[in-house]
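# Observations on the three-dimensional arrangement
One-letter residues, chain by chain:
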Amino acid sequence: MPIVVPLLLAVALFCLGVYGVLARRNAITMLMSFELMLNAVTLNLVAFDAWHVDGLATGQTLAVFVITIAAAEIGLGLAIVLLLFRGHGHVDADAARDLVEAKEPVEKGAEK
């Protein structure tokens, strides 16, 4: 099989992931889109490793590291999403930016 086929599939996956991150407001959908982009990178690593056979399997080794990073990212992301949902009842990424309130410093003499 020529290398163009997995590369085109990886480009399609990466473009779908970028569209999902930029167009969606739901945090879970954004996490799934990040996973699509990481899967596209993993597919590229394995495809180039199969194309450039050197006996070291560096592409496959790097793919394992990408999968490990993706698992850690999704675990941390889901923990943040669960805390956001429990505290505010939504997982809207745009509304989560507005949760930070600017607190004015209280002067010691002005306390009542």
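Residues numbered from 1 in each chain as written. Predicted model: local features only at pLDDT ≥ 70, side-chain atom pairs only at ≥ 80, totals over all residues. Heavy atoms only, no water.

Right, let's get into helix 1 (residues 4-23). A rise of 1.5 Å per residue sets the reference length of helix 1, with its 20 residues, at 28 Å; its end C-alpha atoms lie 28 Å apart and thus fit the reference within 8%. Within the span of helix 1, buried status applies to Pro6, Ala10, Gly17, Gly20 and Val21. Taken end-on, helix 1 shows its buried residues confined to a sector of 95°, consistent with a single buried face. Set apart from the buried face of helix 1 by more than 90 degrees, the exposed residues are Leu8, Leu16 and Leu22. Of the surrounding secondary structure, the elements contacted by the buried residues of helix 1 are helix 2 (27-51). (Helix = DSSP H or I, 4+ residues; strand = E, 2+ residues; numbered from the N terminus. Expected span 1.5 Å × (residues − 1). Buried < 20%, exposed > 50% of the residue type's maximum accessible area, 1.4 Å probe, protein only. Arc of directions from axis to C-beta. Contact = heavy atoms within 4.5 Å.)

Time to look at unusual backbone geometry. In this model, alanine 57 sits at a positive phi of 55°, which is unusual for a non-glycine residue. Its place among the elements puts alanine 57 in the loop between helix 2 and helix 3 (58-88).

With that settled, the discussion passes to a nonpolar patch on the surface. A contiguous nonpolar surface patch, about 270 Å² in accessible area, is contributed by Ile28, Met32 and Leu78. Looking at where methionine 32 falls in the secondary structure, it is placed in helix 2. The exposure class of methionine 32 is exposed, given its relative accessible area of 54%. (Patch = residues over 30% accessible without salt bridge, like charges linked within 9 Å, V, L, I, M, F, W, Y side chains within 5 Å. Areas by Shrake-Rupley, 256 points an atom, 1.4 Å probe, with all protein chains shown as cover. Salt bridge = Lys/Arg side-chain N within 4 Å of Asp/Glu carboxyl O.)

Looking now at the side chain of glutamate 35. Mapping glutamate 35 onto the fold places it in helix 2. Among all residues touching glutamate 35, those that are not within four sequence positions of it are Ala70, Glu73 and Ile74.

Attention now moves to the packing of aromatic side chains. Applying the stated criterion across every chain, the model contains 1 aromatic pair. With 6.2 Å between their ring centres and 70° between their planes, phenylalanine 48 and tryptophan 51 make a pair best called edge-to-face. Taken together, the residues phenylalanine 48 and tryptophan 51, both in helix 2 and 3 residues apart, mark about one turn of the helix. (Phe/Tyr/Trp six-rings, centres within 6.5 Å; stacked < 30°, edge-to-face > 60°.)

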